[in-house]
Amino acid sequence: PHDLNCLTISELESLAYERMDKQTRDYYNEGADCGSTLSENISAYEKYRIRPRVLRDISQIDATVPVFGHTNSSAFGVAPTAMQRLAHSDGEIATARACRSRGIVMGLSSFSTSTLEDVAQASGANTHVLQLYLFEERDHSLKLINRAKKAGYRAVLLTVDTPMLGRRNLEIRNQFKLPAHLSIANFAEQDEDTDTAAGREHSRTTTATDEKKTPASRRPQMPRQRRPSTAGYHDGHRRIPPGGPITFHTHAANPTLSWDESIPWLKEVCGPEMEVWVKGIATAEDAELAVHHGCDGIIVSNHGGRQLNGALATLDALPEVVAAVKKRVPVHVDGGIRHGTDIFKALALGADFCWVGRPILWGLAYKGQEGVELCLRLLSDEFRLCMGLAGVTKVKDITREYLCRVDRDGF
Ligand code: FNR
C-alpha cells in the first residue's frame, strides 16, 4: 500500500520540513559554509544517464547485497547521523526497528540519543555497525568499543573527515543546544561524573594512566559549567582542548589523529569480532593508505557536505578511489542519494554499497518508525525498478557500461 501523501524522497523532505522545529531542521539539513558541496553531492548524479538494455527476461530480480557478512535486502544502508531524538521521540530505536523490519544495515552514530545497547536490542539479529569518533581521551573510546563488541556490532566506522569541525553557520547562529530532556546517551554517565566536584574526583582516580603522564598541576581543569555548545568550532588560531562532558561540539573533532597511531590501535582493540572501516575518504592517495594500514573497508564520504565545503562531490571522488583500491577491500559511498537510480549509478561507477543520511532523518521526523520504513521502502522499490528497467537482474552485474556521462559523451 502506498502513502499517497509521500511517493518520493523529495515529498518526504517537504513533509518532514513542516514537522521539525527550526533548530532541528537547520541542524539536519545544512551543509558547511555556503553549502555548495552539499548541493553538488546531489547534482553529481545528474551528470550521468543510464543506458538501459532490453529483452533480457528480468522476471527474477535479486537486489540483495552481502555486507558485513550478512545479506542486506538492498544495495544501501542507513548512514550514522547524530541525535535522532531531535526528529522523533523514539529516535534511534525507531530507526533500528525500521531497519530490522526491512533487512537494512543500520549505522549508529557515537553521538546518538539512545544507548548503543538499546539500539542493539532493537536491532535484534539485523546487522548494526557503530560509527566512531576517536577521542583525544582514548580511554573513553576504548570503553565504547568494548561495549559495542559486547552488544554485537559487526564493525566500527572510524570517521576521518573531522580533524576540525566544519563551519555550519546556521548551527552557530541558532546556538544549537541539545534540549534538556535529551542526552548524548552513550556518554551520559561520564557527563554526570564530570558535572560535579565528586565526579571530578572520581574520574581522576579512575584515569590512572593519565595521572602518570601529566602532573596534576598541569592537567586542564574540568570546566564548572558546560561550555557554549559551539565550543568545537575553531576559534581563530586557538584550539580549545576537550575535557568535561562529552558532546558532539567538544569531542567529535580530533586534530591529533594520524594513520599510524589510529588504525593499528583500532585493529588491535576491535579484534576479530569487529571490522575496522574508515569513513570520509575522498582521494586515491588516502584510499591506498587505508588499504596499506589494514582497514577492512572504505566509505567515500564528505560527511554530507558538512565538513570541507568545496570538496569534490562524493560521486566524483568515487572512481579514483575504486581505481586505487583494485578490489582489495570493499568501497562504499554516501552523500546526495535521493533516488533508487542514484544507487544504481553509484554501483555502476564501482561502489559496492551506498549509505543514506538525511532522507532517514526526514522519515523519522515524518512518522517515526513508520516514516523510516517508508523511506527505506521507497529507495528499495526505486532501486529494484531501476535494475529491471535497465535490464539487470543481479547487483554485481551493474557495471560502467550501463552509464554514460552527459558532459563527456556529447549531449
Ligand atoms: C551526519 N553525519 C555523521 N557522520 C558521522 O560519521 N557521525 C555522525 O555523528 C554524523 N552525524 C550527522 C548528523 C546529521 C544531521 C547529518 C545530516 C549527517 C554524516 C552522515 O553519516 C553521512 O555521511 C551523510 O549524511 C551522507 O549524506 P546525505 O545522505 O545526508 O546527503
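Just above, that's the structure.
Further remarks concern the overall build of the protein. Each helix and strand in the protein was counted, giving 16 helices and 12 strands. Looking at the 411 residues of the protein, the share that counts as buried comes to 53%. Within the protein, counting contacts between residues at least 6 apart in sequence, those at least 24 apart form 74% of the total. Within the structure as shown, the protein displays about 18,700 Å² of accessible surface, and the carbon and sulfur contribution to it stands at 52%.

In this section: the pairing of strand β7 (residues 155–159). With 5 of 5 residues buried, β7 is to be regarded as a mostly interior element. Residues of β7 alternate between two faces, with Ala155, Leu157 and Thr159 on one and Val156 and Leu158 on the opposite face, all of them buried. Alignment of strand β6 (residues 128–132) against β7, held across 3 bridges, turns out to be parallel. By the bridge assignment, Leu130 is partnered in β7 with Val156. Crossover handedness for the path β6 to helix α6 (residues 138–150) to β7: right-handed. Where β7 lies against strand β8 (residues 275–281), 5 bridges are found, and the strand directions are parallel. Across the sheet, Thr159 pairs through a bridge with Lys279, a residue of β8.

If you check the shell around the ligand, you find 23 residues, and the closest are Pro80, Ser109, Thr159, Asp334 and Arg338. Here Ser301 contributes a side-chain N or O atom positioned 3.4 Å from an oxygen atom of the ligand. Contact between the ligand and Gly357: an oxygen atom at 2.9 Å from a main-chain N or O atom of the residue. In the complex, 99% of the free accessible area of the ligand, which totals 600 Å², lies under the protein chains. The set of elements that each furnish at least two residues to the shell around the ligand consists of α2 (22–29) and α16 (358–390). Grouping the amino acids of the shell around the ligand by side-chain chemistry returns 8 nonpolar, 10 polar and 5 charged.

In terms of residue burial, β6 counts as a mostly covered element, since 5 of its 5 residues are buried. Residues His128, Leu130 and Leu132 of β6 are buried on one face, and the alternating residues Val129 and Gln131, pointing to the opposite face, are buried as well. Bridge count for strand β5 (residues 106–108) against β6 is 3 bridges, and the pairing is parallel. Note on β6: the bridge partner recorded for Met106 is His128. Each parallel crossover has a hand, and the one from β5 via helix α5 (residues 116–123) to β6 is right-handed.

Here the focus is the packing of helix α13 (residues 284–292) against helix α14 (residues 314–325). Orientation of α13 relative to α14, taken along the N-to-C sense of each, is 35°, at an axis distance of 8 Å. Classified by chirality, the crossing of α14 by α13 is right-handed. Across the interface between the two elements, Ala284, Glu285, Ala287, Glu288 and Val291 of α13 pack against Glu320, Val321, Ala324 and Val325 of α14. For the contact of α13 with α14, the residue count by class is 6 nonpolar, no polar and 3 charged.

What follows covers the nonpolar core. Within the largest apolar cluster, 121 residues are counted, with the highest numbers of intra-cluster contacts made by Phe111, Leu266, Ile298 and Phe383. Those residues in contact with Ile298 that lie beyond four places of it in its chain are Trp277, Val278, Ile281, Ala287, Ala290, Val291, Val321, Val325, Val329, Pro330, Val331 and His332.

On to the packing of aromatic side chains, then. In total, this model carries 12 aromatic pairs according to the counting rule given. One aromatic cluster in this structure is built from Phe111, Tyr133, Phe135, Phe187 and Phe248. Over the ring of Tyr17 we find Arg25, and its NZ or CZ is 4.2 Å from the ring centre. Seen from the ring of Tyr27, Arg306 lies directly overhead, with NZ or CZ sitting 5.0 Å from the centre.

Backbone geometry places Asp57, a non-glycine residue, at a positive phi of 45°. Relative to the helices and strands, Asp57 resides in the loop between β1 (48–50) and β2 (65–67). Relative accessible area serves as the criterion here: at 59%, Asp57 is assigned to the exposed category. If you check the backbone angles, Lys326 has positive phi at about 50° while not being a glycine. Turning to its location among the elements, Lys326 is positioned in the loop between α14 and β10 (331–334).

Criteria and cut-off values
- Residues numbered from 1 in each chain as written.
- Predicted model: local features only at pLDDT ≥ 70, side-chain atom pairs only at ≥ 80, totals over all residues.
- Heavy atoms only, no water.
- Helix = DSSP H or I, 4+ residues; strand = E, 2+ residues; numbered from the N terminus.
- Buried < 20%, exposed > 50% of the residue type's maximum accessible area, 1.4 Å probe, protein only.
- Contact = heavy atoms within 4.5 Å.
- Areas by Shrake-Rupley, 256 points an atom, 1.4 Å probe, with all protein chains shown as cover.
- Pairing = 2+ DSSP bridges.
- Right-handed = clockwise from strand over helix to strand, strands pointing away.
- Near = heavy atom within 4 Å.
- Polar contact = N/O pair within 3.5 Å; in protein donor to acceptor, adjacent residues only side chain to side chain.
- Nonpolar A, V, L, I, M, F, W, Y, C, P; charged D, E, K, R; others polar.
- Axes fitted to C-alpha atoms, helices over the stretch in contact; angles between N-to-C directions.
- Left-handed = near helix turned anticlockwise from the far one by under 90°.
- Core = buried A, V, L, I, M, F, W, Y, C linked by side-chain atoms within 4.5 Å.
- Phe/Tyr/Trp six-rings, centres within 6.5 Å; stacked < 30°, edge-to-face > 60°.
- Lys NZ or Arg CZ within 6 Å of the ring centre and 35° of its normal.

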